[in-house]
Amino acid sequence: MHGGTITNPIQFWLDDAGIGWREPRAELAARYGISKANPYRWNRVAFDLAPPPLDHLLMPLGYEEAGGEPLHLPPVRFTAQLYVGNNCAANIHNAAAQFAAVLGAAPVRRQFNTLKAVWVHGLSEISLTVWPPGLQPGGPLKNEAHEREPRLKAACSVEILSGWRVPLSPYEKYWMSHATPIARVYHGAIDEAPGDYPRDMTGIARHMTGGALEFIRIAPPDLAIPAGHFGVSDDGAVMIVNHHLLQIVPVAQVTEIEVVRLLPAKGGGGSWLALRCLAHDGERSDKTVLIAQGEKPDDLTALAEQLAYKIGKPLNIHPCQYDA
């Protein structure tokens, strides 16, 4: 059943398949259960759907519960394995034909040591992948899951990104146009030329599906914080980071400002500035939002001190470590 005014064909497919891509993780886990009864031994929610959304599924469509994901929000990444026989090419072409009936044809192409087919619509994506033995430079891939279920060696991996994001609230829409920039995201020689922004970062944003999802939004056109910058709303309620994607972080959820400093060693060194945040439920301090990067170890120290004073949060400047 199609909700709202969806024009995205991948989201149409999810609706028609009966996938609850708008439903919170907590509700889906309560309905379908979480189990490690799969060859990968992942904590996984598998959708028990009749009829199944795809023919020849070796591992049903579902999603992983790795921990740290916001349970009050939907999962945005779904996976499955499809198998028709011991032939990688046959498996991916079968999967591609099933999706093509709804989404139109997508070519199956070689990409490094894989064969892939991809459909993309905005922040939504369907990706099919197989790893033919003849394309593996070191010989067949070794994987404990393949020992438990040998058919996985040839199976087609199905990955679906729904493109769901938290919609902007009325308050957030107000903050977007009533905010003050503080600084650019990059500092030092790695600073990007102004002409680099704005640019299309949709590909990066599409794959940002982890624990920080609760802070990610789709940027409106009237954003007061320029691309490549971060800042604070004029009332001090939220931090706004506008880099490869827009993140809105309530200051009340920030527990500290953190600066990591690295001296050149095997790596080139540098620094980064991040917000340590409470999860939505307030029980875990496990969210980290990166807001700035510097070329040198002390590029961000003064900026971090300014930010800590501005939003009234403790500052944790780590001792310098070698970039090993």
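Predicted model only: the values in this text are computed from it and were never measured.

Parameters at a glance
Residues numbered from 1 in each chain as written. Predicted model: local features only at pLDDT ≥ 70, side-chain atom pairs only at ≥ 80, totals over all residues. Heavy atoms only, no water. Salt bridge = Lys/Arg side-chain N within 4 Å of Asp/Glu carboxyl O. Helix = DSSP H or I, 4+ residues; strand = E, 2+ residues; numbered from the N terminus. Expected span 1.5 Å × (residues − 1). Buried < 20%, exposed > 50% of the residue type's maximum accessible area, 1.4 Å probe, protein only. Contact = heavy atoms within 4.5 Å. Polar contact = N/O pair within 3.5 Å; in protein donor to acceptor, adjacent residues only side chain to side chain. Disulfide = S-S within 2.5 Å. Pairing = 2+ DSSP bridges.

Q: Can you lay out the pattern of salt bridges for me, pointing to particular residues and giving the numbers?
A: Scanning the model with the defined rule gives eleven salt bridges in all. Sharing partners across several salt bridges, the network here consists of R44, E64, R77 and E159.

Q: Mind laying out helix α3 (residues 88-103), listing which residues take part and the relevant values?
A: If you check α3, its first and last C-alpha atoms are 22 Å apart, about what 16 residues at 1.5 Å a residue would give, namely 22 Å. Within the span of α3, buried status applies to C88, N91, I92, A95, A96, F99 and L103. As for α3, its buried residues are in contact with α1 (9-17), β3 (77-82), β5 (114-121), β6 (124-130) and β7 (156-161). The N-cap of α3, judged by a side-chain oxygen 3.0 Å from the amide nitrogen of A89 a few residues on, is N87. Backbone geometry just after α3 places G104 at a positive phi near 90°.

Q: For the side chain of H146, give the residues involved together with the corresponding values.
A: Along the chain, H146 falls in helix α4 (residues 144-148). In this structure H146 touches Y40, L141, L152 and K153, once residues within four positions along its chain are discounted.

Q: Please set out the state of the cysteines residue by residue, giving values where relevant.
A: This structure, assessed with the given rule, holds zero disulfides. C156 supplies the cysteine sulfur nearest to C88, a cysteine that is in no disulfide, at a spacing of 9.1 Å.

Q: Describe the pairing of strand β13 (residues 246-250), with residues and values.
A: For β13, the buried fraction is high: four of the five residues fall into the buried class. Here strand β10 (residues 216-217) runs beside β13; their pairing, made up of two bridges, is antiparallel. Among the inter-strand pairings, I216 is bridged to a residue of β13, identified as Q247. Bridging between strand β12 (residues 238-242) and β13 involves five bridges; their strand directions are antiparallel. Its bridge partner being in β13, I240 is matched across the sheet by I248. Two successive antiparallel strands, β12 and β13, enclose a turn made up of three residues.

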